[in-house]
Amino acid sequence: DEAAWVDAYRVLLDNFDKDNEDWCELLFKLWVSRVIHYTMRHVLRGYDAALSELNAMVRNVQLSSGKRFIQKRRELVKSSPLIGQPPSPT
């Protein structure tokens, strides 16, 4: 499930400590399992299928990132007391 992987990956990266060997090992093992999963599911179907899946995954990540960006921007606009007011004369 791409959405679950992206969510999990985001949490991992937010909490990752490069100086902690356990974190490095965990992230490496998860990455290896992801590569093996991708290989067994998509690469074995051929180059075109694998490339199509990669393109779809990138589009989905970009789309979800864009949606999050827009949502955060809307939240900032709502919470800002200065937005929507005329500029003050200087």
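Residues numbered from 1 in each chain as written. Predicted model: local features only at pLDDT ≥ 70, side-chain atom pairs only at ≥ 80, totals over all residues. Heavy atoms only, no water.

## A few points about the packing of aromatic side chains
Geometrically, a pair of aromatic rings is defined through the distance of the ring centres and the angle of the planes.
And step 1. For the structure shown, the criterion picks out two aromatic pairs.
And step 2. Seen from their ring centres, Phe 16 and Trp 23 are 6.4 Å apart, and the 75° between their planes marks the pair as edge-to-face. (Phe/Tyr/Trp six-rings, centres within 6.5 Å; stacked < 30°, edge-to-face > 60°.)

## Notes on empty space enclosed by the protein
And step 1. Applying the stated criterion to the full structure yields one cavity of 30 Å³ or more.
And step 2. For the largest cavity, the calculated volume is near 40 Å³.
And step 3. Around the largest cavity sit Glu 2, Arg 34, His 37, Tyr 38, His 42, Glu 53, Leu 54 and Met 57, which together line it.
And step 4. Those elements giving two or more residues to the lining of the largest cavity turn out to be helix 2 (21-41) and helix 3 (47-79). (1 Å grid on protein atoms, 1.4 Å probe; cavity = no way out; pocket = protein on both sides within 12 Å on 5 of 7 lines; lining within 4 Å. Points joined across faces, edges and corners; volume = space filled by probe spheres on them. Helix = DSSP H or I, 4+ residues; strand = E, 2+ residues; numbered from the N terminus.)

## Some words on the side chain of Arg 34
And step 1. You can see Arg 34 is positioned in helix 2.
And step 2. A relative accessible area of 16% means that Arg 34 is categorised as buried.
And step 3. Ignoring anything within four residues of it in the chain, the contact list for Arg 34 reads Glu 2, Trp 5 and Met 57. (Buried < 20%, exposed > 50% of the residue type's maximum accessible area, 1.4 Å probe, protein only. Contact = heavy atoms within 4.5 Å.)

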